Amino acid sequence: MSFAEMRKNYMLHGLNEADCDASPFAQFEQWIIEASDQKPGDWFEVNAMTLSTASNEGAVSSRQVLLKGFDTEGFVFYTNYSSQKGSELAENPRAALNFFWPHIERQVRAEGVVTKTDRELSSAYFHSRPRESQLGAIVSDQSSVIESRQALEEKYAAAEREHKDVEIPLPDTWGGYRVAPTMFEFWQGRVGRLHDRLRYTLEEGEWVLRRVAP
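From a predicted model like this one, the values you see are computed outputs, not experimental measurements. (Residues numbered from 1 in each chain as written. Predicted model: local features only at pLDDT ≥ 70, side-chain atom pairs only at ≥ 80, totals over all residues. Heavy atoms only, no water.)

## Digging into the overall build of the protein
Along its length, the protein carries five helices and nine strands. Counting from the amino terminus, helix and strand elements in the protein follow one another as α-β-β-β-β-α-β-β-α-α-α-β-β-β. The buried share of the protein, reckoned over its 214 residues, is 39%. At a minimum sequence separation of 6, the contacts of the protein that also span at least 24 residues come to 65%. In the structure as shown, the protein presents an accessible area of about 12,400 Å², 49% of it carried by carbon and sulfur atoms. Distance from the positive charge centre (24 side chains) to the negative charge centre (33 side chains) of the protein: 4 Å. (Helix = DSSP H or I, 4+ residues; strand = E, 2+ residues; numbered from the N terminus. Buried < 20%, exposed > 50% of the residue type's maximum accessible area, 1.4 Å probe, protein only. Contact = heavy atoms within 4.5 Å. Areas by Shrake-Rupley, 256 points an atom, 1.4 Å probe, with all protein chains shown as cover. Lys, Arg positive; Asp, Glu negative; His and termini not counted. Charge placed at Lys NZ, Arg CZ, Asp CG, Glu CD.)

## Here we look at unusual backbone geometry
Excluding glycine, a negative phi dihedral is what most residues carry, and trans is how most peptide bonds are arranged. Phi is positive for Ser143, which is not a glycine, with a value near 80 degrees. Examined against the element boundaries, Ser143 turns out to sit in the loop between helix 4 (131-139) and helix 5 (149-162).

## A short note on the packing of aromatic side chains
By the definition in use, this model includes 23 aromatic pairs. A centroid spacing of 5.1 Å and a plane angle of 80 degrees characterise the contact between Tyr81 and Tyr177, whose relative ring orientation is edge-to-face. Highlighted residues: Tyr81 in the loop between strand 4 (74-80) and helix 2 (84-91) and Tyr177 in strand 7 (residues 174-188), separated in sequence by 96 residues. With a relative accessible area of 14%, Tyr81 lands in the buried category. Residue Tyr177 is classed as buried on the basis of its relative accessible area, which comes to 4%. Considering the side-chain rings of Phe184 and Trp207, the 5.5 Å spacing of their centres and the 70 degrees angle between planes classify their relative orientation as edge-to-face. Of this pair, Phe184 sits in strand 7 while Trp207 is found in strand 9 (residues 206-212), placing the two residues 23 residues apart along the sequence. Of the aromatic side chains, those joined through ring pairs into one cluster are Phe25, Phe28, Trp31, Phe70, Phe75, Phe99, Trp101, Phe184, Phe186, Tyr200 and Trp207. The lysine or arginine in question, Arg106, covers the ring of Trp31, its NZ or CZ lying 4.3 Å from the ring centre. Taking NZ or CZ as reference, Lys116 lies 4.1 Å from the ring centre of Tyr81, over its face. (Phe/Tyr/Trp six-rings, centres within 6.5 Å; stacked < 30°, edge-to-face > 60°. Lys NZ or Arg CZ within 6 Å of the ring centre and 35° of its normal.)

## Focus on the pairing of strand 2 (residues 60-66)
Only one face of strand 2 is buried, namely the one carrying Ser61, Arg63 and Val65, since none of Val60, Ser62, Gln64 and Leu66 on the opposite face is buried. Bridge count between strand 1 (residues 48-54) and strand 2: seven bridges; the pairing is antiparallel. By the bridge assignment for strand 2, Thr50 is matched with Gln64. (Pairing = 2+ DSSP bridges.)

## Observations concerning the pattern of salt bridges
Applying the stated criterion across every chain, the model contains 15 salt bridges. Among the ionic pairs, Asp141 bridges to Lys155, the shortest N-O distance being 3.4 Å. Taken together, the positions of Asp141 in the loop between helix 4 and helix 5 and Lys155 in helix 5 put the pair 14 residues apart, joining distant regions of the chain. Residue class for Asp141 comes out partly exposed when judged on its relative accessible area of 48%. (Salt bridge = Lys/Arg side-chain N within 4 Å of Asp/Glu carboxyl O.)

## Brief notes about the environment of Val76
Its location among the elements puts Val76 in strand 4. Along the backbone, Val76 and Leu66 are 10 residues apart, and their C-alpha atoms lie at a distance of 8.7 Å. Leave out the neighbours within four places in its chain, and Val76 touches Leu66, Leu67, Lys68, Gly69, Thr117, Tyr177 and Arg178.

## Quick word on helix 4
Within helix 4 the residues assigned to the buried category are Gln134, Leu135, Ala137 and Val139. Residues of helix 4 that are buried sit in contact with helix 3 (119-126), helix 5 and strand 7.

Put into structure tokens, the structure is as follows:
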């Protein structure tokens, strides 16, 4: 396989400043709705986003997580606070997000400051999840080394027996984060790699829109 020869021509849309909402939050909402309306199948998760975090030493790590809330206060996702990303966010509470929707030749980047959601919101989401996912959250010491798959499944089975017919408590180590953006960038693929990139930056409390080179 020759990766150097892999190419795709982007020909679906253009992106002009005049067509963008003054609010990047409204612009994002419009794009994710369009991505959902045009998704190729149920297997495609339009709310999947790459989350990048960094340690105090500047070592960067990335992974896919799911967007579970969005409003003018930011992007919300849930995870184990003791995981690698949780540890890095405790050291360095900033993150970068990337949404890629290849079926409509678009991506969105965002950067911002991260805070934990309140316990009430985390609990409400936790108990809205399938019971299997709740059990998984209480038995998984996310990012830690484990003995084997069998040991994990035995731990899950024990938790299942322990919590049979009772509500599963929200673990202290599990909950939400909110990324409050200070920058959005909207990317639209174009012919000849002359892509459209429009960037919103928060300056003195106001969002400023500028075009940047592809």
